[in-house]
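Structure assessment
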Amino acid sequence: MSEPVAAFFDVDDTLVCGNTALLLGRFLALRGEIPLSDFALRGAYYWIGHVLHRLDYREVIRHGARLVAGRCFDDVMEWGRACVRETISGRIYSEALSAIDTHRRAGHRVVLVSSAPRMVIEALAGHLSVGDALYTDGEVADGIVTGRVLEPACWGEGKRQLAEAFARAHGLSLLLSYFYTDSVTDLPLLRRVGHPRAVKPDRHLRKAALAHGWPILSFRTLARRGSTIAQTQAQMGKGAAG
């Protein structure tokens, strides 16, 4: 019997067009749940850092956790579901949905893996009917979000550590598994799987992908809002796992 295979999917700019943490921040700011001025200033600062490849995502993660400190956990999770339903669901790539369906048909375990917070990644996984997700989690005490990030955060080496722990827990072979991502910060996990996939890679990841002979994919077509994975697969006419 062959070992079970996983297909890990990064979220920001791989599965979804844009950064889910920034999309969530804008969504909450416009709803008045977090200060609009804070989001505008911090968002601009983080975006510039992202473009210049000088952004420390650990700082973004810690700041985001502090913004929801003291809030009811159930309310925070509902914010995530509302953001996915009203904003993020319209920014999902058709090619990514097709790839997910292809892996499912092959019997692979599909796993979302993202530095974004639990509130949005769990909601996105539910929207896509994906049963497994790895994300940056936060401490909850007596039903209240404390604002403390639980380690490891799902970024860089932390993403690799969480994926390795998940694979061990579920008897998955990383050597036979896939990982789709756009960012060079995911090199630690890309180097652990047998089938790395660079999706619209940043220039640093493109250089690494070319050096290692990794396939380079282009996810660019947004799925129709509300489209199911099966419908998208039929529209695309082919998968993207190869």
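Here's a quick rundown of the structure.

**Brief notes about the overall build of the protein**
Helix and strand counts for the protein come out as 10 helices and 8 strands. The buried share of the protein, reckoned over its 242 residues, is 51%. A separation threshold of at least 6 residues defines the contact pool for the protein, and within that pool the share at least 24 residues apart is 62%. With the model as given, the accessible surface of the protein reaches about 11,500 Å², and the carbon-plus-sulfur share is 53%.

**Overview of the pattern of salt bridges**
For the structure shown, the criterion picks out 13 salt bridges. The closest approach of N and O atoms between Glu164 and Arg192, which form a salt bridge, is 2.5 Å. Here Arg192 lies in the loop between helix 8 (187-190) and strand 7 (195-199) and Glu164 lies in helix 7 (residues 157-170), a separation of 28 residues in the sequence. With relative accessibility at 13%, the residue Glu164 sits in the buried group. A relative accessible area of 37% means that Arg192 is categorised as partly exposed. Shared partners join several salt bridges into a network, and the residues in it are Glu157, Arg160, Glu164 and Arg192.

**Observations regarding helix 7**
Taking 1.5 Å of rise per residue, the 14 residues of helix 7 would be expected to cover 20 Å, and the 20 Å separating its terminal C-alpha atoms lies within 8% of that figure. What helix 7 keeps buried is the set Gly158, Lys159, Arg160, Ala163, Glu164, Phe166 and Ala167. Residues of helix 7 that are buried sit in contact with strand 1 (6-9), strand 2 (109-117), strand 3 (132-136), strand 6 (178-181) and helix 8. Two residues or fewer past helix 7, Gly171 is found with a positive phi of approximately 65°.

**Focus: the pairing of strand 6**
A two-sided burial pattern is seen for strand 6, the buried positions comprising Tyr178 and Tyr180 on one face and Phe179 and Thr181 on the other. In this sheet, strand 6 lies alongside strand 1 in parallel orientation, the contact comprising 3 bridges. Bridged to Ala7 within strand 6 is Tyr178. Here strand 6 pairs with strand 7 via 4 bridges, running parallel. The residue bridging Thr181 from the neighbouring strand is Ala198, located in strand 7.

**Some words on the packing of aromatic side chains**
Enumeration over the complete set of coordinates arrives at 2 aromatic pairs. With centroids separated by 4.4 Å and ring planes inclined at 5°, the aromatic side chains of Phe9 and Tyr180 adopt a geometry described as stacked. Here the residue Phe9 occupies a position in strand 1, and Tyr180 occupies one in strand 6, the gap between them amounting to 171 residues. Note on accessibility: Phe9 and Tyr180 belong to one class, buried. One aromatic cluster in this structure is built from Phe9, Tyr180 and Phe219.

**Details of the environment of Tyr180**
Note on Tyr180: relative accessible area 0%, which makes it buried. Among the polar contacts listed, one links the side chain of Tyr180 to the side chain of His103, at a separation of 2.7 Å.

**Observations regarding the sheet that holds strand 2**
With respect to topology, 6 strands assemble into an open sheet ordered 3-2-1-6-7-8, the strand pairing being parallel. The open sheet has two edge strands with one neighbour each: strand 3 and strand 8 (216-217). In the packing of helix 6 (residues 118-127) onto the sheet, contacts are made with strand 2 and strand 3, and the angle to strand 2 comes to roughly 155°.

**Things to note about the side chain of Asp132**
Relative to the helices and strands, Asp132 is located in strand 3. Once residues lying within four places of it in the same chain are set aside, the contact partners of Asp132 are Arg109, Val110, Val111, Leu112 and Phe166.

**Looking at the packing of helix 1 (residues 20-30) against helix 4 (residues 73-86)**
Across the interface, helix 1 lies against helix 4 with an axial gap of 10 Å and an inter-helix angle of 105°. In terms of orientation, helix 1 lies roughly perpendicular with respect to helix 4. Residue-level contacts link Leu23, Leu24, Phe27 and Leu28 of helix 1 to Trp79, Ala82, Cys83 and Glu86 of helix 4. A class-by-class count of the residues in the contact of helix 1 with helix 4 yields 7 nonpolar, no polar and 1 charged.

**Considering the nonpolar core**
Leu15, Leu112 and Leu124 are the most contacted members of the largest nonpolar core, which has 45 residues in total. Counting residues per element, the ones that place at least two in this core are strand 1, helix 1, helix 4, helix 5 (94-105), strand 2, helix 6 and strand 6. Within the second largest apolar cluster, 21 residues are counted, among which are Cys154, Phe179, Val193 and Trp214.

Conventions we followed
Residues numbered from 1 in each chain as written. Predicted model: local features only at pLDDT ≥ 70, side-chain atom pairs only at ≥ 80, totals over all residues. Heavy atoms only, no water. Helix = DSSP H or I, 4+ residues; strand = E, 2+ residues; numbered from the N terminus. Buried < 20%, exposed > 50% of the residue type's maximum accessible area, 1.4 Å probe, protein only. Contact = heavy atoms within 4.5 Å. Areas by Shrake-Rupley, 256 points an atom, 1.4 Å probe, with all protein chains shown as cover. Salt bridge = Lys/Arg side-chain N within 4 Å of Asp/Glu carboxyl O. Expected span 1.5 Å × (residues − 1). Pairing = 2+ DSSP bridges. Phe/Tyr/Trp six-rings, centres within 6.5 Å; stacked < 30°, edge-to-face > 60°. Polar contact = N/O pair within 3.5 Å; in protein donor to acceptor, adjacent residues only side chain to side chain. Axes fitted to C-alpha atoms, helices over the stretch in contact; angles between N-to-C directions. Parallel < 35°, antiparallel > 145°, perpendicular 65-115°, else oblique. Nonpolar A, V, L, I, M, F, W, Y, C, P; charged D, E, K, R; others polar. Core = buried A, V, L, I, M, F, W, Y, C linked by side-chain atoms within 4.5 Å.

So, to be careful, I would describe these as geometric facts and stop short of saying anything about function.
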